[in-house]
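Below, each chain spelled out in residue letters.
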Amino acid sequence: MLYIPGNNPAMLQQGSVYGADGILLDLEDAVALNQKDSARILVSHMLQYISYEGCEVTVRVNHIDTPFGLEDLQQIVPLQPNALRLPKVETVEEITRIIKVIEEIEDKHGLPHDKMKVHVMIETALGVQNVYEIAQYSDRIDAISIGGQDLAADMQLVKSTDGIGIDYARKQIVMAAKACKIDVFDTVYVDTENEEGLREEAEYIKKLGFTGKAIINPRQIEIVNEVFTPTDLEIRKAAKIVKAFERNKAEGIGVFAVDGKMVDAPVVQRALRVLEMADIEVSEL
Amino acid sequence: MVLKVKAQAGSFESSDILIMVEPVAKGTGRTIELKSIVMQQFGDDVLQQINRDLDHYNIDDIRIIVNDKGALPPTISARLETALKRSAQVQAGTLTK
């Protein structure tokens, strides 16, 4: 998911051409305090004018307790982007209050409550402690993400590139997302010059279970896509497992072997996930 | 919308537009000074759009200085709306008093 500063017309109008799966139009940290009004109005006009076809569009609003948050919601919610990203959520009471405001705005405009999804950002130690309760609060929360920079600041961490300080938080957030069966996105990698570092971090967070990673520069898209797209070998293995599963299922066999390795339901589930990520239907095998 | 102070919005960045608005006495009419890097191709379109937007806000008396760096219509409308709201002091922003 590519972050685009909400007050930058050139980037906003080109957002979908770089090949990211999703774009995030940012009204929060990427916008100077004295340009919040300008960004909000610009993003509103862009959403009505530009077709971001093939790209999921998320708008990150300011926190509701800032002087800008409520106005962001009032202006953006009626435009119904694919999702709204809520920063620095810390408690279930807070998410309850914010979703109530969103739904009141939707009611006022005669809009349904189930079209626009909500992404919650966890960016403080308190948020990490409460992440499962927050994530399971509403069906319209379909993703959680970790905001590494703010979290590191909140935890008073010394700046480091290895991510050790936020490792526990990453794992806790992944576990909460998996328990709620929703997507989970990793934080940005701020050193846009360090491609190898980005690749290592993307590979690590993929192993942890993250669904994707936020990026801040179009140059980072290719690397993250490469890491998260299954390799030919992984796809071939997954296809073999699923085909064997279909054959064995017909004969009533639940556990079997492929290339000498035991295959049971969880292995099949993982293989199906690989095919899903490669956009391959089981019927195509 | 009642304009109260001089205000501006936008920037000189590529694809953006800088719009400065200034309240003038009632009955003065609209004065729009436009500079654009695409004046020959789109200058009339930009002026028409600004006039349409001013009609929408019922603003008849105003002085506007526009410096266009190739902005798309949504950017022109957004920057004008921002400058007008700042001028009318209906929201916070970079007010030029």
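Presented here is an overview of the structure given in this document. Remember, it's a predicted structure, so these values are computed and weren't measured experimentally.

Conventions used here
Residues numbered from 1 in each chain as written. Chains lettered and ligands numbered in written order. Predicted model: local features only at pLDDT ≥ 70, side-chain atom pairs only at ≥ 80, totals over all residues. Heavy atoms only, no water. 1 Å grid on protein atoms, 1.4 Å probe; cavity = no way out; pocket = protein on both sides within 12 Å on 5 of 7 lines; lining within 4 Å. Points joined across faces, edges and corners; volume = space filled by probe spheres on them. Helix = DSSP H or I, 4+ residues; strand = E, 2+ residues; numbered from the N terminus. Nonpolar A, V, L, I, M, F, W, Y, C, P; charged D, E, K, R; others polar. Pairing = 2+ DSSP bridges. Contact = heavy atoms within 4.5 Å. Axes fitted to C-alpha atoms, helices over the stretch in contact; angles between N-to-C directions. Patch = residues over 30% accessible without salt bridge, like charges linked within 9 Å, V, L, I, M, F, W, Y side chains within 5 Å. Areas by Shrake-Rupley, 256 points an atom, 1.4 Å probe, with all protein chains shown as cover. Salt bridge = Lys/Arg side-chain N within 4 Å of Asp/Glu carboxyl O. Lys, Arg positive; Asp, Glu negative; His and termini not counted. Charge placed at Lys NZ, Arg CZ, Asp CG, Glu CD. Buried < 20%, exposed > 50% of the residue type's maximum accessible area, 1.4 Å probe, protein only. Buried area = accessible area lost by both parts, 1.4 Å probe. Polar contact = N/O pair within 3.5 Å; in protein donor to acceptor, adjacent residues only side chain to side chain.

### Quick word on the layout of surface pockets
All names here are of chain A. What the largest pocket holds in volume is close to 900 Å³. Looking at the largest pocket, it is lined by 26 residues, and the ones nearest its centre are Val267, Arg270, Ala271, Arg273 and Val274. Of all the secondary structure elements, the ones that give two or more residues to the lining of the largest pocket are α11 (232–250), β10 (261–263) and α12 (265–277). Here the element with the most residues in the lining of the largest pocket is α12; it accounts for 10 residues. A per-class count over the lining of the largest pocket returns 14 nonpolar, three polar and nine charged. Only β6 (141–146), β7 (183–186), β8 (212–213), α10 (221–228) and α12 provide two or more residues apiece to the lining of the second largest pocket. The greatest single-element share of the lining of the second largest pocket, amounting to four residues, is contributed by α10. Taken together, the residues of the lining of the second largest pocket break down into 10 nonpolar, seven polar and eight charged.

### Describing the sheet that holds β7 of chain A
All names here are of chain A. One open sheet holds the eight strands; their spatial order is β1-β2-β3-β4-β5-β6-β7-β8, and the pairing between them is parallel. Edge strands, defined here as strands with exactly one partner in the open sheet, are β1 (2–5) and β8. The pairing of β6 with β7 spans three bridges and is classified as parallel. Pairing of Ile144 across the sheet is with Val184, part of β7. Against the sheet, helix α4 (residues 92–108) contacts β4 (83–86), β5 (117–122) and β6, and its axis sits at roughly 145° relative to β4.

### Remarks on the sheet that holds strand β4 (residues 62–68) of chain B
All names here are of chain B. Strand order across the open sheet formed by four strands is β1-β2-β4-β3, with mixed pairing between neighbours. Looking at the sheet topology across the chains shown, the edges are occupied by β1 (7–9) and β3 (30–36). In this sheet, neighbouring strand axes are inclined to one another by 10° on average, regardless of whether the strands run parallel or antiparallel. In this structure, strand β2 (residues 17–23) lies alongside β4, joined through seven bridges in antiparallel fashion. Of the residues in β4, the one forming a bridge with Glu22 is Arg63. Against the sheet, helix α1 (residues 39–56) engages β2, β3 and β4, with an angle of about 145° to β3. Across the sheet, helix α2 (residues 73–87) is in contact with β1, β2 and β4; its angle to β2 comes to roughly 35°.

### Some remarks on a negative patch on the surface
All names here are of chain A. Together, Glu195, Glu196, Glu200, Glu203 and Glu222 make up a region of like negative charge exposed at the surface. Ranked by the residues each element gives to the negative patch, the list is headed by helix α9 (residues 195–208), at four residues. In this structure, Glu222 sits in helix α10. Judged by relative accessible area, Glu222 falls into the exposed class, the value being 56%.

### Things to note about the interface of chain A and chain B
Opposite the 17 residues of chain A that make contact, chain B presents 18 residues. When chain A packs against chain B, the two sides together hide about 1400 Å² of surface, and 53% of this comes from carbon and sulfur. It is Asp37, Ile41 and His45 of chain A that lose the most area in chain A upon contact with chain B, and together they represent 34% of the buried surface on that side. Applying the counting criterion to the chain A and chain B interface returns one salt bridge. Of all the elements in the fold, those that place two or more residues in the side of chain A that touches chain B are α1 (9–14), α2 (36–49) and α3 (69–76) of chain A. For the side of chain A that touches chain B, the leading source of residues is α2 of chain A, giving eight residues. Classifying every residue of the side of chain A that touches chain B by side-chain character gives seven nonpolar, seven polar and three charged.

### Comments concerning the environment of Arg140 of chain A
Residues and elements named next belong to chain A. Among the secondary structure elements, Arg140 is positioned in the loop between α6 (131–135) and β6. Exposure remark for Arg140: the relative accessible area of 5% places this residue in the buried category. Here the alpha-carbon distance between Arg140 and Gly6, two residues 134 residues apart in the chain, equals 24 Å. Leave out the neighbours within four places in its chain, and Arg140 touches Ile99, Ile102, Glu103, Glu106, His113, Met116, Lys117 and Val118. At 3.0 Å, the side chain of Arg140 and the side chain of Glu103 are in polar contact. In this structure the side chain of Arg140 is engaged in a polar contact, spanning 2.8 Å, whose partner is the side chain of Glu106.

### Overview of the pairing of β6 of chain A
Two faces, one strand: in a regular strand the side chains alternate between the faces of the sheet. All names here are of chain A. In terms of residue burial, β6 counts as a mostly covered element, since five of its six residues are buried. Judged from the five bridges that link them, β5 and β6 form a sheet pairing that is parallel. Paired with Val120 across the strands is Ile144, a residue of β6.

### Comments concerning the pairing of strand β3 (residues 56–60) of chain A
All names here are of chain A. Most of β3 is tucked away: four of the five residues are buried. Across five bridges, the pairing between strand β2 (residues 22–26) and β3 is parallel. From the neighbouring strand, Leu25 faces β3, where its bridge partner is Val59. Inspection of the sheet shows β3 paired to β4 by three bridges, in the parallel sense. Opposite Arg60, over in β4, you have Arg85 as the bridge partner.

None of this, on its own, says anything about what the molecule does.
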